[in-house]
Amino acid sequence: MRIGILGTGTLATALALGWSRAGHDISIAGRSPDRAEAAAKTSGARARRLPDVAVDADVVLLALHWEGIADILTEAGAPAGSLAGVPLIDPTNAVEHGVGVLRTGSGRAIAQHVADLAPGAHVVKAFHLFPSTRWTAPASSPVTVAMCGDEPRALEVVGSLVRDVGGVPAVVGGLDRARQLEEVAGFVIALAFAGVDPQTAIPAVPSSRADDSPPQP
């Protein structure tokens, strides 16, 4: 696939490298042309201008700090419809650093704000829980990538990209579930900054037995 990446940070570079190794054609862009060139050189991608990334992309990754989303999407032409019909992956965590509290307010997810800024795009929440190093280092077993979105074809496309970097996709519902996934990221971040392994705070529940599910209030 032709994958456009908006952002030049560690997650953007890590996924660009993983997808490049899987045989995809990767374009990467950011506000700094020099950083885009450096990220492209590191990951086997090619640097492009922001307005050009979505021109022929089959899927686009939005990987940058949440406060810069509106500016980057505007430069990429998203408000004018440049991403209409295109799967748009949102791995953003709009949380207070070291605390994990969501900063979006009004009960909405950052993924829903992304959808507002990119009319017609098929937004999929994914890749927001694991650090970038997870997608570049070999692992003994695959991890589950929880994801949500409203468009079945977009979920299928993103699911295939999850598999390409060693993950297992798990669709939990439509984009209205994105707030829940983002709250989980905040929970994990809060525990990690408190010096607690988040895995120790989650019960091991066998997925095949409904009677082992956590008790309901």
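Below is a summary of the structure that appears in this document. Numbers given to residues run from 1 along each chain, matching the order in which its sequence is written. Restriction of local features to residues with pLDDT of at least 70 applies here, the model being predicted, together with a cutoff of 80 or more for giving and counting side-chain atom pairs; totals for whole chains, interfaces and linings are based on all residues. Here the side-chain values reflect all heavy atoms present in the structure, with hydrogen atoms and water set aside.

## Structural notes on the packing of helix 1 (residues 10-21) against helix 2 (residues 33-43)
Counted only if it meets this: Angles shown run from 0 to 180 degrees and are taken between the N-to-C directions of axes, each axis being a line fitted to C-alpha atoms and, for helices, limited to the stretch in contact. Helix and strand definitions follow DSSP, with helices as H or I runs of at least four residues and strands as E runs of at least two, each counted in order from the N terminus. Roughly parallel means an angle under 35 degrees; roughly antiparallel, over 145; roughly perpendicular, 65 to 115; everything else is oblique. Left-handed describes a crossing whose near helix is turned anticlockwise from the far helix through less than a right angle; right-handed describes the clockwise counterpart. Throughout, a contact is declared for two residues whenever any of their heavy atoms are within 4.5 Å. In this classification, the charged set is Asp, Glu, Lys and Arg, the nonpolar set is Ala, Val, Leu, Ile, Met, Phe, Trp, Tyr, Cys and Pro, and all remaining amino acids, among them Gly, are polar.
The interhelical angle for the contact between helix 1 and helix 2, taken along N-to-C directions, is 40°, at an axis separation of 8 Å. Considering their axes alone, helix 1 and helix 2 lie oblique with respect to each other. Relative to helix 2, the crossing made by helix 1 is right-handed. Judged by residue contacts, Thr-13, Ala-16, Leu-17 and Ser-20 of helix 1 engage Ala-39, Thr-42 and Ser-43 from helix 2. Tallied by class, the residues present in the contact of helix 1 with helix 2 amount to 3 nonpolar, 4 polar and no charged.

## A word on the packing of aromatic side chains
Selection criterion: Between the rings of Phe, Tyr and Trp (Trp by its six-membered ring), a pair exists once the centres lie within 6.5 Å; its type follows the angle of the planes, with under 30 degrees stacked, over 60 edge-to-face, and the other angles tilted. Each residue is placed in one exposure class: buried if its accessible area under a 1.4 Å probe, protein chains only, is under 20% of its type's maximum, exposed if it is over 50%, and partly exposed if it falls in between.
Across all of its chains, the model carries 3 aromatic pairs by this definition. Between Phe-127 and Trp-135, the aromatic rings sit 5.3 Å apart at their centres with planes inclined by 85°, giving edge-to-face as the arrangement. Judged by its relative accessible area of 2%, Phe-127 is buried. By relative accessible area, which is 5% here, Trp-135 ends up buried. One aromatic cluster is present, formed by Trp-19, Phe-127, Phe-130 and Trp-135 through successive ring pairs.

Read these as layout, nothing more, since geometry by itself doesn't imply function.
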